[in-house]
Amino acid sequence: MPSTPAYRVLIDAIARLQRVQREVGTELARDLDCPRAALSLLWLLDKVGELGIGDVAQHLHVDISVASRQASQLVESGYAERSTPDAPGTDRRVRTVRLTERGRAFTADTKVAMDARAAEAFSAWTPAELADASAVLERIADTMADFGPRPATDPATATTPAPTSTPADDTRAPALAATAT
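Notes on the structure in this doc start here. (Residues numbered from 1 in each chain as written. Predicted model: local features only at pLDDT ≥ 70, side-chain atom pairs only at ≥ 80, totals over all residues. Heavy atoms only, no water.)

## A short note on the packing of aromatic side chains
1) Next: The full count for this structure, using the stated rule, is two aromatic pairs.
2) Next: Taking the centre distance of 4.5 Å and the plane angle of 15° together, the rings of tyrosine 79 and phenylalanine 106 count as stacked. Separated by 27 residues along the polypeptide, tyrosine 79 in the loop between helix 4 (64-77) and strand 2 (80-83) and phenylalanine 106 in helix 5 (residues 101-121) bring together distant segments of the chain. An identical accessibility class is assigned to tyrosine 79 and phenylalanine 106; each is buried.
3) Next: For the pair phenylalanine 122 and tryptophan 125, a centre-to-centre distance of 5.1 Å together with 85° between the ring planes defines the contact as edge-to-face.
4) Next: The partly exposed category is assigned to phenylalanine 122, whose relative accessible area is 38%.
5) Next: Take tryptophan 125: its relative accessible area is 35%, and that puts it in the partly exposed class. (Phe/Tyr/Trp six-rings, centres within 6.5 Å; stacked < 30°, edge-to-face > 60°. Helix = DSSP H or I, 4+ residues; strand = E, 2+ residues; numbered from the N terminus. Buried < 20%, exposed > 50% of the residue type's maximum accessible area, 1.4 Å probe, protein only.)

As structure tokens, then:
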């Protein structure tokens, strides 16, 4: 019976992590009485400041209509405001969105709530374990970025490349294995 390739086990673990992350985000949003999608936009605007709707869509990897709808929800809730740039030479058709004072306060509260949950959840982890896990996740993210679209190939001639190394070749394999369980 063939064994499951190590990279498949890792991909399955990543999928599980994504599901758990969505569930936790949904629960946090419910506790904060805020739509889950709005949390991402709140945190983005808090981090980068004022953005055009097209930039919001790009950062959040959503369609521009979705970004516009999410921004509208924040505006209606009083957490954000829309504006039109008035600097010389700017395109006045571009609509931007930025947090209001109420939005900044609410976002700060959401971060406090998230930090409290994270501190509790990871209380049994040492700082070294957290640093190791962070490094492995960053490496995974960098590697997964290469997973993106590939040039079209003829399926009749396409081959699956063999892995160039195995997890056992990587000195961080034990940390990787620990985060996958």
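## Here's the deal with the nonpolar core
One recurring pattern in soluble globular proteins is that nonpolar side chains are buried together.
1) Next: Residues Cys34, Leu39, Leu41, Leu42, Leu45, Leu74 and Val97 are the most contacted members of the largest nonpolar core, which totals 22 residues.
2) Next: Contributing elements (two or more residues each) for this core: helix 1 (6-32), helix 2 (36-48), helix 3 (53-60), helix 4 and strand 3 (96-99).
3) Next: Looking at this core element by element, the count peaks at six residues for helix 2.
4) Next: When residues no more than four places from it in sequence are discounted, the contact partners of valine 97 are Leu45, Gly49, Glu50, Leu51, Ile53, Val56, Ala71, Ala80, Glu81 and Arg82. (Core = buried A, V, L, I, M, F, W, Y, C linked by side-chain atoms within 4.5 Å. Contact = heavy atoms within 4.5 Å.)

## What about the layout of surface pockets?
1) Next: Here the largest pocket defines a volume of roughly 2,300 Å³.
2) Next: If you trace the largest pocket, you find 42 residues lining it, with Leu17, Gln18, Gln21, Arg22 and Leu137 closest to the centre.
3) Next: Going through the elements one at a time, helix 1, helix 2, helix 3, helix 5, helix 6 (127-145) and helix 7 (173-180) are the ones with two or more residues in the lining of the largest pocket.
4) Next: The element that contributes the greatest number of residues to the lining of the largest pocket is helix 1, accounting for twelve residues. (1 Å grid on protein atoms, 1.4 Å probe; cavity = no way out; pocket = protein on both sides within 12 Å on 5 of 7 lines; lining within 4 Å. Points joined across faces, edges and corners; volume = space filled by probe spheres on them.)

## Describing the sheet that holds strand 1 (residues 51-52)
1) Next: The three strands lie next to each other as 1-3-2, forming an open sheet whose pairing is antiparallel. Two strands in the sheet have a free side with no partner beyond their single neighbour: strand 1 and strand 2.
2) Next: The sheet contact formed by strand 1 and strand 3 spans two bridges and is antiparallel. When the bridges of strand 3 are listed, leucine 51 appears paired with valine 97.
3) Next: The strands touched by helix 4 within the sheet are strand 2 and strand 3, with strand 2 carrying the most contacts at an inclination of about 120°. (Pairing = 2+ DSSP bridges. Axes fitted to C-alpha atoms, helices over the stretch in contact; angles between N-to-C directions.)

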